[in-house]
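# Coordinate inspection notes
One-letter residues, chain by chain:
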Amino acid sequence: VLLSVELLVVTAIGYGAIGIFFSTTTRRTLSASILTYIVALLITVVLPLGALVFLSFSSIWMLSGSGQPVLDVLMFLVFGFLACTNPIATAVVTETTLQQSGSAFYFTQSFSNGISFPLPSPWIVYTLIVGIVTLVLVGLSVRRVRQVDV
């Protein structure tokens, strides 16, 4: 329950930072709202669809048996990163890893060549990504507001 509340709070702060950023870069409130909704839609819908397309191609490639161990690890990390950029996917993958590993902070992923990697839980990666993006957007917004119009 605490992880879901954390994800909601982080997501709300992140979307708020996106709204503030667009509010400082556009002249009209309507255009700032529309741009904020478009970015939220891209993050929530388009990015997961792109991850599904990536997953389907990588599954076909892995089933063909032509996979190299390094590429298997790389594809897992890319898909994991894509999952960690979406709040819904992050919640689902975090729940799955929590049930499988029993730890809220890390899990171990084993690959076909016998290599195992300890990885951070998806909610940690999501929080770091959204935190960095929020700091950058708020910093740019403050910088934009401080500029004196000539």
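Relevant structure appears above.
Keep in mind the model is a prediction, meaning the values are calculated, not measured.

### Here we look at the side chain of N86
Take N86: it is sitting in the loop between α3 (69-83) and α4 (87-101). Looking at N86, its side chain comes within polar contact range of the main-chain nitrogen of A89, at 2.8 Å. With residues up to four places along the chain from it excluded, the contact list for N86 reads I43, T44, P48 and Y126.

### A short note on helix α1 (residues 2-25)
Between its terminal C-alpha atoms α1 stretches 35 Å, which fits the 34 Å expected from 24 residues at 1.5 Å a residue. For α1, the full list of buried residues reads E6, L7, V10, T11, G14, A17, I18, F21, F22 and T24.

### As for the nonpolar core
Counting residues in hydrophobic clusters, the biggest one holds six residues: A17, I18, F21, F22, A32 and L137. Top contributing element to this core by residue count: α1, with four residues. When neighbours within four sequence positions are excluded, F22 is seen to be in contact with A32, L35, T36 and V39. In this structure, V10, W123, Y126 and V130 belong to the second largest nonpolar core, which totals five residues.

### Brief notes about α4
One turn of an α-helix holds 3.6 residues; hence residues three or four places apart share an orientation. Relative to the 21 Å expected for 15 residues at 1.5 Å per residue, α4 spans 21 Å between its end C-alpha atoms, a close match to the ideal helical length. Taken together, the buried positions of α4 are P87, T90, T94 and T97. Buried residues of α4 fall within an arc of 95 degrees about the axis and therefore sit on the same side. For α4, the exposed residues set more than 90 degrees away from the buried face come down to I88, V92, Q99 and Q100. Among the residues of α4, the N-terminal cap falls to N86, whose side-chain oxygen and the backbone nitrogen of I88 are separated by 2.8 Å. Of the residues one or two after α4, G102 is the one with positive phi, at around 80 degrees.

Calculation criteria
- Residues numbered from 1 in each chain as written.
- Predicted model: local features only at pLDDT ≥ 70, side-chain atom pairs only at ≥ 80, totals over all residues.
- Heavy atoms only, no water.
- Helix = DSSP H or I, 4+ residues; strand = E, 2+ residues; numbered from the N terminus.
- Polar contact = N/O pair within 3.5 Å; in protein donor to acceptor, adjacent residues only side chain to side chain.
- Contact = heavy atoms within 4.5 Å.
- Expected span 1.5 Å × (residues − 1).
- Buried < 20%, exposed > 50% of the residue type's maximum accessible area, 1.4 Å probe, protein only.
- Core = buried A, V, L, I, M, F, W, Y, C linked by side-chain atoms within 4.5 Å.
- Arc of directions from axis to C-beta.

Everything listed here is a matter of geometry and, on its own, says nothing about what the molecule does.
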